[in-house]
Amino acid sequence: MTLVAGIDSSTQACKVVVRDAASGELVREGRAVHPEGTEVDPAAWWSALGEVIDAAGGLDDVAAVGVGAQQHGMVVLDEGGQIVRPALLWNDIRSAQAAADLVKEAGGPEWWAEATGLVPVASFTVTKLRWLAEHEPEQADRVAAVCLPHDWLTWKLAGAGRLEDLATDRGDASGTGYWSPATGEWRPDLLALGLGHEARLPTVLGPTGSAGATASGATLAPGTGDNMAAALGLGAGPGDVVVSIGTSGTVYAVADHPSADPSGIVAGFADATGRFLPLVCTLNAARVLDAATRLLEVSHERLAELALAAPPGADGLTLVPYLEGERTPNRPDASGALHGIRLGNTTPAHLARAAVEGLLCGLADGLDALVEQGVEARRVLLIGGGARSEAVRAIAPAVLGCPVVVPPAGEYVADGAARQAAWVLAGGDEPPVWEQAGTSTYAADPTPEVRERYAASRDLVRETG
């Protein structure tokens, strides 16, 4: 049996799976936590990766390794390859003003969408580089190379040699704001616009390229961003829309052509296979459910029971869940709001229902935006921690307007990274097929009135900045 390993270095934790390269059968796995916060020393990721590899029995018998990781994180290195400052993560919104400035300075939203597939918001790496240049100029001057979390971890696994050995893939590169999905090339001019000077960027590898080898001789796959890895792990194809409810909420689909949405709602990413991955991301996802459990002082299981006990629409109670600001729509200073409060809907069940519907309505707006970009949506693949909620599963088809398929709980980012590693070993134009069993399908009549009420409420939120 030839073994491959897939690593998921997410915002909250590091996971590894070891699988049979031919069948995808799980052999062993491990997990370790990451520090909280939106600014993290990458050394903490490296420490967690070492811990998780040990927990999974080591990688000495593994033939290839792939790394999937959170997108956009700003990892900056000096000439000696040392970390210049802690990484700013995707959910750090301090660069909101820098994003607005960059849009104005380089031709406006349409120009950015055509050039990079993105319109800068605080999440993207280029805006974080601008923040660094403006607020920590001495640190910015020390930056000799810029990479992303998965790039850096892959480089460390390869021995952290020369800066010129840094490598990445199309998928993760497409989330920086200085790479073009349409041309497949870096835009060093846009990197310099953000950072204030040029810096080394990783080599962009093809889907089956090699980023070197581990100390034990395992081939290192290119790796990719977490959303691209999850799509690969799920085997998403045409007509499938993936909705992931984790720390962030994401809605994305595999496409044959790049996207350029000047509204900035759809990020025109590339995927990990040579195709494209138009994506909508929200800042507020599973933690909306966490907040509701704290407010009601109940477990997640009880929250689901309460939500399902209330009628669709929660008798007019609507939650706009901008609890951490929001990325889509671009409202970094917004706060959440509860609308339509009446004596008859001030019950725990109504609030639980409003929380689930508000979360799903934000994602449904993302699905609408993908369809407007030409994406076909025949079914939704629902994944992430929030997908464990029975209320989310049952209510999702009514809000999203199409059947919802829930795969068995799994580490799909790590699985996708492992599948990429198997692909590097096997070669060929398409990744190996790993059969997936145990899916559940949910259907329900659409509830357009819920969407309409949410749409009427979302623009009433208060900007606190």
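Figured I'd write up the structure that's included with this text. Numbering of residues begins from 1 in every chain and follows the order in which that chain's sequence is written. pLDDT decides what is reported in this predicted model: residues at 70 or higher carry local features, side-chain atom pairs at 80 or more are listed and counted, and totals for whole chains, interfaces and linings draw on all residues regardless. Calculated side-chain values reflect all of the structure's heavy atoms, with hydrogen atoms and water omitted.

## A short note on the overall build of the chain
From N to C terminus, the chain includes 15 helices and 23 strands. Projected onto its principal axes, the C-alpha positions of the chain cover 65 × 55 × 40 Å. Relative accessibility under 20% of the residue-type maximum defines a buried residue, over 50% an exposed one, and the middle range a partly exposed one, all with a 1.4 Å probe and only protein chains included. Here the chain holds 465 residues, and 60% of them are scored as buried. Averaging the locations of the 32 positively and 59 negatively charged side chains of the chain gives two centres separated by 3 Å. In this text, helices come from DSSP runs of H or I with a minimum length of four residues, and strands from runs of E with a minimum of two, each type numbered from the N-terminal end. Charge counting treats Lys and Arg as positive and Asp and Glu as negative, with His and both chain ends excluded. Charge placement uses NZ in Lys and CZ in Arg. For Asp and Glu, CG and CD serve respectively.

## Focus on the environment of Ala122
In this structure, Ala122 sits in the loop between α3 (108–116) and α4 (125–135). Through-space distance from the C-alpha of Ala122 to that of Leu89 is 9.9 Å; in sequence the pair is 33 residues apart. Leave out the neighbours within four places in its chain, and Ala122 touches Asp92, Ile93, Ser95, Ala96, Ala99, Thr127 and Lys128. The contact criterion used throughout is that any non-hydrogen atoms of two residues lie within 4.5 Å.

## Here's the deal with the packing of aromatic side chains
Here is the rule: rings of Phe, Tyr and Trp (six-membered ring for Trp) pair when centre to centre is within 6.5 Å. Planes less than 30 degrees apart are stacked, more than 60 are edge-to-face, and the remainder are tilted. Under the counting rule described, the total for this entry stands at three aromatic pairs. Only when the NZ atom of a Lys or the CZ atom of an Arg is both within 6 Å of the ring centre and within 35 degrees of the ring normal do we say a charge sits over the ring. Lying across the ring of Trp131, Arg94 places its NZ or CZ 4.8 Å from the centre. Sitting over the face of the ring of Phe276, Arg170 holds its NZ or CZ atom 5.2 Å from the ring centroid.

## Re the pattern of salt bridges
Think of a salt bridge as a Lys or Arg side-chain nitrogen and an Asp or Glu carboxyl oxygen that are within 4 Å of each other. Considering all chains together, one arrives at 25 salt bridges under this definition. Residues Asp78 and Arg142 are paired through a salt bridge, measuring 3.4 Å at the closest nitrogen-oxygen approach. Remark: Arg142 occurs in helix α5 (residues 137–142) and Asp78 occurs in the loop between β6 (75–77) and β7 (87–88); sequence separation between them is 64 residues. Taking the relative accessible area as the measure of exposure, Arg142 reaches 38% and is therefore partly exposed. Across the salt bridge formed by Arg451 and Asp365, the nearest N and O atoms sit 2.9 Å from each other. One end of the pair, Arg451, is in helix α15 (residues 448–458); the other, Asp365, is in helix α12 (residues 348–372), and 86 residues separate them in sequence. A cluster of three or more residues bridged by salt bridges with shared partners is formed by Glu39, Arg85, Asp92, Arg94 and Glu136.

## Observations concerning the sheet that holds strand β22 (residues 404–406)
Neighbouring strands of a sheet are bound in pairs by backbone hydrogen bonds; such pairs are parallel or else antiparallel. At least two DSSP bridges between two strands are required for those strands to pair. One open sheet accounts for seven strands, arranged β17-β18-β16-β15-β21-β22-β23; its pairing is mixed. With partners counted over all chains shown, the strands left at the sheet margins are β17 (267–270) and β23 (440–442), one partner each. Pairs of neighbouring strands in the sheet enclose a mean axial angle of 30°, with direction left out of account. Examined bridge by bridge, β22 and β23 share three bridges and lie antiparallel to one another. From the neighbouring strand, Val404 faces β23, where its bridge partner is Tyr442. All axes are obtained by fitting lines to C-alpha atoms, using only the stretch in contact for helices, and the reported angles, taken between N-to-C directions, cover 0 to 180 degrees.

## Looking at α3
Here α3 has its buried residues at Gly108, Trp112, Ala113, Ala115 and Thr116. The inward-facing, buried residues of α3 contact α2 (96–105), β10 (179–180), α8 (188–195) and β17. Just downstream of α3, Gly117 is the residue with a positive phi angle, here 80°.

## Side note on the side chain of Thr116
As for its position among the elements, Thr116 is in helix α3. Two N or O atoms count as a polar contact when they lie within 3.5 Å, although within protein this holds only if one can serve as hydrogen donor and the other as acceptor, and sequence-adjacent residues are included solely when both atoms are side-chain atoms. In terms of polar contacts, Thr116 uses its side chain to reach the backbone carbonyl oxygen of Leu118, at 3.2 Å. Apart from the residues within four sequence positions on either side, Thr116 is in contact with Ser174, Gly177, Trp179, Ser180, Pro181, Leu190 and Gly268.

## Digging into the pairing of strand β16 (residues 249–252)
If a strand is regular, its side chains alternate between the two faces of the sheet. Alternating residues of β16 divide into Gly249 and Val251 and Thr250 and Tyr252, and every residue in both groups is buried. Bridge count for strand β15 (residues 240–245) against β16 is four bridges, and the pairing is antiparallel. The residue of β16 that forms the bridge with Ile245 is Gly249. Hairpin connection from β15 to β16: three residues lie between these consecutive antiparallel strands. Examined bridge by bridge, β16 and strand β18 (residues 276–282) share four bridges and lie antiparallel to one another. If you follow Thr250 over to β18, its bridge partner there is Cys281.

## Comments concerning the side chain of Asp169
Mapping Asp169 onto the fold places it in strand β9 (residues 167–169). No salt bridge forms around the buried Asp169; measuring N to O, its nearest opposite-charge neighbour Arg170 is 6.5 Å away. Reaching out from Asp169, the side chain makes a polar contact with the side chain of Thr224 at a distance of 2.8 Å. Those residues in contact with Asp169, other than ones at most four positions away along the chain, are His150, Val204, Leu205, Pro222, Gly223, Thr224, Gly225, Asp271 and Ala272.

## Observations regarding the pairing of strand β1 (residues 3–9)
Taking burial as the measure, the seven residues of β1 include seven buried ones, the bulk of the element. Residues Leu3, Ala5, Ile7 and Ser9 point to one face of β1 and Val4, Gly6 and Asp8 to the other, with burial holding for every one of them. Two strands pair when backbone bridges link them, and β1 and strand β5 (residues 62–69) are joined in this way by seven bridges, in the parallel orientation. In the strand pairing of β5, Val4 is matched with Ala64. Bridge count for β1 against strand β2 (residues 13–20) is seven bridges, and the pairing is antiparallel. Within the sheet, the bridge partner assigned to Val4 lies in β2 and is Arg19. If you look at the hairpin formed by β1 and β2, you'll find three residues sitting between the two strands.

As far as function goes, none of this settles anything; it's purely spatial.
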